[in-house]
Amino acid sequence: MNRAQRFFLRIGALAAKEALHILRDVRTLYLALVMPVVMLLIFGYGVSFDIDQIPIAVLDLDRSATSRELVRRMVAPGEVILGAEVDTAAQGEHLVTIGKVLGLLTIPARASEDLAAGKPVTLQLAVDGSDGVVANQVLSKTEALARSIANDLVGVSGTPSPPMQVKMWTRYNPQARSVLFMVPGLSAYLLAIAAVMLTALAVAGEWERGSMEQLFASPVGRLEIIVGKLLPYLAVGMLQLLLVLALGTWAFDVPIRGSVWLLLLVGFLFLVGMLGQGLLISVIAKNQMVATQAGALSSLLPSMLLSGFVIPIENMPTVLQGLSHIVAARYLVHALRALMLKGAAFSDISRDLVALIIFAVFVLGVATARFRRRLA
Amino acid sequence: MSEHAIVASHLEKRFGAFRAVADVSFHVERGEIFGYLGANGAGKSTTIRMLCGLLAPTSGQAIVAGADVDQDPEAVKLAIGYMSQKFSLYPDISVIENLLFFGGAYGLGRKELRARAEEILALTGLESQRTTITGALPGGIRQRLALGCAILHKPEIVFLDEPTAGVDPVARRAFWRLIRDLAKAGTTVFVTTHYLDEAEYCRRIGLMVDGRLVALDTPAALKREHVPERVLALRGPAITSAMQLLSTQVGIKEVTPFGAGLHVRAEPGMWDEVAVQELLQRSGLLGISVEPVEPSLEDVFLAVVGKSSQANGEVSP
């Protein structure tokens, strides 16, 4: 038997043993499969949020002093901010699809002339409805702003029909149902917690039980231990992902407009990273108590608060925005929303995929490197 | 390949200022049962962990199965089996699943592994319990299974760290039968224990006190060397009074409680069973039986510990 065969044999033995632990322990299956379903139902039916500082793109076909003044006044209060100025509608739509901006405001050609002549002007606002809260906010803020600004600009007030209207339509989520953007975010959150906790407890348990010492006395290598631990939980995690997605589709009518395979790929990469984070924690912590605390803290808080699930990343202080770049959930949330609600293609989420791969390789690399097969 | 299974020279392990193992040198021959004795905290487990490549020695060298434990721990790990002091099987999976896992961890192929697992089940007498969840087994049987897991891959040397701690006497005897069978089949056995009766089964014994190896020889030679005195066993009523009386006599080296009675170490030229019995009767202590006995390893242990504590300027325990 050669080295490679023995390598896979040992990983197989470790993975099979770990699978037995999972099947024998009701708590593991509960943590992995029941808890996410319950939480998804609770959150899905009961939570909504508030926000501001929404970046929108402006397509100014009028290009007049008046239209520029209109835009300036619109962004002045800070509820919406100018994310980009574009020259074509296609450019603007692209920015919405990739999530750079959350809405596209189009000022029609000759708007200022019409306004001066007292004719009604229709502004067009396309909003990214995949984030329902944001969409609602953009709609109500912009409409109110347009009304008062137009009155100011024309110098007439109290006219029964406003000289300028904003005609709106919401892309991706026309009814602005918050559950549609909740489900992708929540999936990421639930996957993160369960995945980190599963492996954190699994390895810390070996330290506590003393069986790690027994493993170290065998020729089993550290990479073999890491991979052997990872595989069965990856299977559980994928099952969990499918369950959450199925529940989202079935209970909340969340669409999956993009490729299901891409969705599974993103989920897979995210799970590898999160399971790796759990492994890293238990390699360092060595007991279940500390591993539980560290696991919960490092998965729950960032994936809830820094992923864009609850608080839009655009609304965060710069420091937190920067910090959110090292939170793997951020990329999953973005990719899931893009895939499920916007029907994004591979190129739209390629940055998320790359980020998730980098994260997974990094945590697994550090976990393996920090893993000493000797006792202190 | 060296002719000895284990060669330790000036092996030392310090944890900060604490010398857990201090300048220990010995060798273990192939196929012998080598007993490593000492009180809790004497450095037995630390020595075993260094020999298994689990702990790096602070200084000194150990060659196990021809490989240096510090330079090439992986080669050592392939050649040895190890049963740690803590219960190291997985309690939530069955007997056969534990065996198959540990066999797989040593890289045994599927067919070979199945065959070996059956052999081990037969050897340890666990055939009827193959599907029992390990955690539900009594301690003695679990220890047999743990030994089985440590020898699945037919190691040259097995290290057993307190394998019978907390196991009842009948199960201990059954366990030692297994150990002797292993040694007969050519496996070198390095075993630590603090049950001194078990140490009689060992071909040679090393005695550890406070991190130092203070004696090493066969049980018989240790008794001759460290207990040259006559050992008398006393049994009967008023044993406490007898203890007080005897410990003040010239030529009586030591009086220690032994079971329900006393063991007395005395100068052979000055005391024998008749002289002690006369002394007792003169003092009105009647009905106590006095018999000469072969010194036990416990006598050796007490003598050695007493000597080395005095050497350290400590009060004997």
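Per chain, residue numbering runs from 1 following the sequence as it is written. Chains carry letters and ligands carry numbers; both start at the beginning, A for chains and 1 for ligands, and go up in the order they are written. Where local features are concerned, this predicted model is filtered to residues with pLDDT of at least 70; where side-chain atom pairs are given and counted, the filter is 80 or more; whole-chain, interface and lining totals use all residues.

### Details of the overall build of chain B
1) Next: To qualify as a helix, a DSSP run of H or I must reach at least 4 residues; to qualify as a strand, a run of E must reach at least 2; elements of each kind are numbered from the N terminus. When helices and strands are counted, chain B shows eleven helices and 14 strands.
2) Next: Its C-alpha atoms put chain B at 75 × 45 × 35 Å along the principal axes.
3) Next: Placing C-beta atoms from the backbone, we regard two residues as in contact once those atoms come within 7 Å. Taking the intrachain contacts of chain B between residues at least 6 apart in sequence as the baseline, contacts between residues at least 24 apart amount to 67%.

### Some thoughts on the interface of chain B and chain A
Interface size, as often reported, equals the accessible area lost upon joining of the parts.
1) Next: At the junction of the two partners, chain B supplies 23 residues and chain A supplies 23 residues.
2) Next: Those elements giving two or more residues to the side of chain B that touches chain A turn out to be helix 2 (73–79) and helix 3 (95–105) of chain B.
3) Next: Its residues assigned to classes, the side of chain B that touches chain A comprises twelve nonpolar, five polar and six charged. As a working rule, the residues Ala, Val, Leu, Ile, Met, Phe, Trp, Tyr, Cys and Pro are called nonpolar, Asp, Glu, Lys and Arg charged, and the rest polar, with Gly in that last group.

### Some thoughts on the confidence of the model for chain A
All names here are of chain A.
1) Next: When pLDDT is averaged along chain A, the result is 82; 88% of the residues meet or exceed 70.
2) Next: pLDDT is a per-residue confidence score from the predictor, ranging from 0 to 100. Predicted confidence in chain A is weakest over strand 5 (residues 164–171), with a mean pLDDT of 64, and strongest over helix 14 (residues 346–370), with 92.
3) Next: Segment residues 156–160 is flagged for pLDDT under 50; beyond a separation of four residues in sequence, or across chains, it makes three contacts in the model.

### Structural notes on the packing of helix 1 (residues 3–24) of chain A against helix 3 of chain B
1) Next: In the contact formed by helix 1 of chain A and helix 3 of chain B, the axes pass within 7 Å of each other and the chain directions differ by 155°. By the angle between their axes, helix 1 of chain A is roughly antiparallel relative to helix 3 of chain B. Where helix 1 of chain A crosses over helix 3 of chain B, the two elements pack in a sense that is left-handed. Touching Leu-9, Arg-10, Gly-12, Ala-13, Lys-17 and Leu-20 of chain A of helix 1 of chain A are Glu-97, Phe-101, Gly-104 and Ala-105 of chain B, all from helix 3 of chain B.
2) Next: Taken together, the residues of the contact of helix 1 of chain A with helix 3 of chain B sort by class into five nonpolar, two polar and three charged. Here the axes come from fitting lines to C-alpha atoms, over the contacting stretch only for helices, and the angles between their N-to-C directions go from 0 to 180 degrees. Geometric relationships in this document are graded by angle, where less than 35 degrees denotes roughly parallel, more than 145 denotes roughly antiparallel, 65 to 115 denotes roughly perpendicular, and other angles denote oblique. The crossing is said to be left-handed when, going from far helix to near helix, the turn is anticlockwise and less than a right angle, and right-handed when the turn is clockwise.

### Some remarks on unusual backbone geometry
1) Next: Located in the positive-phi region is Arg-110 of chain A, a residue other than glycine, with phi close to 60°.
2) Next: Assignment of secondary structure puts Arg-110 of chain A in the loop between strand 3 (103–107) and helix 5 (111–116).
3) Next: The phi torsion at Lys-154 of chain B lies on the positive side, around 50°, for a residue other than glycine.
4) Next: Considering the arrangement of structural elements, one finds Lys-154 of chain B in the loop between helix 5 (139–151) and strand 7 (157–161).
5) Next: Classification of Lys-154 of chain B by C-beta neighbours within 10 Å gives partly exposed; the count is 14. Exposure classification rests on a simple neighbour count of other C-beta atoms within 10 Å of a residue's own: a residue reaching 20 or more is buried, one at 12 or fewer is exposed, and one in between is partly exposed. C-beta atoms are placed from the backbone.

### Topic: the sheet that holds strand 14 (residues 289–293) of chain B
Residues and elements named next belong to chain B.
1) Next: A pair of strands is labelled paired if DSSP reports no fewer than 2 bridges between them. Reading across the sheet, the four strands line up as 12-13-11-14 and stay open at both edges, with antiparallel pairing between neighbours. Edge positions in the sheet fall to strand 12 (252–258) and strand 14, since each of these pairs with one other strand and no more. Averaged over all adjacent pairs, the angle separating strand axes in this sheet is 25°, with direction ignored.
2) Next: As defined by bridge partners, strand 11 (residues 230–235) adjoins strand 14 across five bridges and the pair is classed as antiparallel. In the sheet register, Val-231 faces strand 14, and the bridge partner there is Val-293.
3) Next: Along the sheet, helix 10 (residues 273–282) contacts strand 11, strand 13 (261–266) and strand 14; its crossing angle with strand 14, the most-contacted strand, is approximately 160°.

### With respect to the sheet that holds strand 10 (residues 212–217) of chain B
Residues and elements named next belong to chain B.
1) Next: Ordered by their spatial adjacency, six strands build an open sheet running 6-7-8-3-9-10, and the pairing between neighbours is mixed. On the outer flanks of this sheet lie strand 6 (80–83) and strand 10, each paired with one strand and no other. Strand after strand, the sheet turns through a mean of 15° between neighbouring axes, direction not considered.
2) Next: Direction of pairing for strand 7 relative to strand 8 (residues 188–193): parallel, over a ladder of five bridges. In the strand pairing of strand 8, Leu-160 is matched with Val-191.
3) Next: With respect to the sheet, helix 1 (residues 44–51) is in contact with strand 3 (33–38), strand 7, strand 8 and strand 9 (204–209), its orientation differing from that of strand 7 by roughly 150°.
4) Next: Together, strand 6 and strand 7 form the strand contacts of helix 5, whose direction differs from that of strand 6 by roughly 160°.

### A word on the environment of Glu-156 of chain B
Residues and elements named next belong to chain B.
1) Next: As for its position among the elements, Glu-156 is in the loop between helix 5 and strand 7.
2) Next: Look at Glu-156 and you get partly exposed, because 17 C-beta atoms sit within 10 Å.
3) Next: Sequence separation between Glu-156 and Ala-275 is 119 residues; the distance between their C-alpha atoms is 52 Å.
4) Next: Excluding residues that lie within four positions of it along the chain, Glu-156 makes contacts with Ala-5, Ala-65, Ala-79, Thr-187 and Thr-188.

### With respect to helix 1 of chain A
1) Next: The end-to-end C-alpha distance of helix 1 of chain A is 32 Å, a good match for the 32 Å that 22 residues give at a rise of 1.5 Å each.
2) Next: Listing the buried residues of helix 1 of chain A in full gives Leu-9, Arg-10, Ile-11, Ala-13, Leu-14, Ala-15, Lys-17 and Glu-18 of chain A. A helix's residues, less one, multiplied by 1.5 Å, set its expected span.

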